[in-house]
Amino acid sequence: ILSVYLVETRNEFFDSRVYYGALQYWFRDGGMVYDWLRPGTPYGFTYPPFAGLVMAPMAFLPFSMVLVVATTLTLITTAVLTWWFVGPMIKRNGWTVWFAFTIAYFLAIAFDPVRETITFGQVNTLLLTLVAADLLFGLSQGRRWAGVGIGLAAAVKITPAIFVLYLLLTRRWRAAATAVGTAVAATLVGAAIFPDQSREFWTSALWDTSRVGIYSYFSNQSERGFLARLPIDQYAGKIWIVLVLATIAFWAWRVRKTPDDLMGGLALTGILGCLISPVTWIHHCVWLLPA
């Protein structure tokens, strides 16, 4: 609790403030959401219109209530994820369940990316929960809905779409088709309700890298961020492409060795996404929790 409080004084729920301002400008003032920037910063709403639809209640709630809801959801989803990830180990070793789980949960909350998710007011653990449910329960139990969670997560924030590649690599064709179909359907719903915002996002805002920050910031822990901090500006882009291809090749080789290890696939693909994304802030690294 103390560690969360201390970090909050530094981050001050920055991302939630960006979302809150952008959504109010969109839903209450009738403005183009991708035109809004938080005063004094280059930061604005960077998610697809479908994410805006999901987050729409934020525009009509007091900001204090938004923080309560966001923090509560992160705490709950972190508890669920902790149980999914370490519950089998606790049972296998015959440990006292409530005590072992409590220790594991506190460690998860103390994990820097989870703390940053709370104190920036981010949605990362919610997306991880959707994807983890798909892999650990949908696929493992052969459910017809397997892939829906990945599709919804990808429609909210594009980066979870990397798990579609995992489904294809492990020849889970039905789940891959379900994930793609879900993502496309959700995106089309957003486009049907908000055609102007969808046009702006897919033709302009998505490709404007300045909206997500500067690559060389130390908190950008991706391969692109690492290269941006080296004195090789003129070569960084080309080297990054080589690194991404090499990383994907190693990931594919490793996943193909144990295609039935869903927990391993979740962990490896989460790491892959963090490495090859152009921008991976510390709070994005909740995808390392399965590992």
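Check the entry above for the structure.
The shown structure was predicted, so the numbers you read here are calculated from the model rather than taken from an experiment.

## Points about helix 2 (residues 14–27)
Every α-helix winds through 3.6 residues per turn, so residues three or four apart in the chain are directed the same way.
Phase 1: With 14 residues, helix 2 extends 20 Å from end C-alpha to end C-alpha; this agrees with the ideal 20 Å at 1.5 Å per step.
Phase 2: Contact partners of the buried residues in helix 2: helix 3 (49–55), helix 4 (63–93), helix 6 (112–120) and helix 11 (195–203).

## Looking at the side chain of Asp 134
Phase 1: Within the secondary structure, Asp 134 sits in helix 7 (residues 124–139).
Phase 2: Within the buried core, Asp 134 has no salt-bridge partner, and the shortest N-O distance to an opposite charge, that of Arg 143, equals 10 Å.
Phase 3: At 3.4 Å, the side chain of Asp 134 and the backbone nitrogen of Val 148 are in polar contact.
Phase 4: In terms of polar contacts, Asp 134 uses its side chain to reach the backbone amide nitrogen of Ile 150, at 2.7 Å.

## Brief notes about the packing of helix 4 against helix 6
Helices that pack against each other are described as a pair by the angle of their axes relative to one another and the distance between those axes.
Phase 1: Following both chains from N to C, one finds helix 4 and helix 6 inclined at 155 degrees, their axes separated by 9 Å at the closest point. Viewed along their axes, helix 4 and helix 6 adopt a mutual orientation that is roughly antiparallel. Considering how the two elements wind past one another, helix 4 and helix 6 form a crossing that is right-handed. Side by side, helix 4 and helix 6 meet where Thr 71, Thr 74, Leu 75 and Thr 78 of the first sit next to Val 114, Thr 117 and Ile 118 of the second.
Phase 2: Within the contact of helix 4 with helix 6, the residues separate by chemical class into three nonpolar, four polar and no charged.

## As for the state of the cysteines
Phase 1: A complete count under the given rule lists zero disulfides for this structure.
Phase 2: Cys 285 supplies the cysteine sulfur nearest to Cys 274, a cysteine that is in no disulfide, at a spacing of 4.4 Å.
Phase 3: With a relative accessible area of 7%, Cys 274 lands in the buried category.

What counts, and where the lines are drawn
- Residues numbered from 1 in each chain as written.
- Predicted model: local features only at pLDDT ≥ 70, side-chain atom pairs only at ≥ 80, totals over all residues.
- Heavy atoms only, no water.
- Helix = DSSP H or I, 4+ residues; strand = E, 2+ residues; numbered from the N terminus.
- Expected span 1.5 Å × (residues − 1).
- Contact = heavy atoms within 4.5 Å.
- Buried < 20%, exposed > 50% of the residue type's maximum accessible area, 1.4 Å probe, protein only.
- Lys, Arg positive; Asp, Glu negative; His and termini not counted.
- Salt bridge = Lys/Arg side-chain N within 4 Å of Asp/Glu carboxyl O.
- Polar contact = N/O pair within 3.5 Å; in protein donor to acceptor, adjacent residues only side chain to side chain.
- Axes fitted to C-alpha atoms, helices over the stretch in contact; angles between N-to-C directions.
- Parallel < 35°, antiparallel > 145°, perpendicular 65-115°, else oblique.
- Left-handed = near helix turned anticlockwise from the far one by under 90°.
- Nonpolar A, V, L, I, M, F, W, Y, C, P; charged D, E, K, R; others polar.
- Disulfide = S-S within 2.5 Å.

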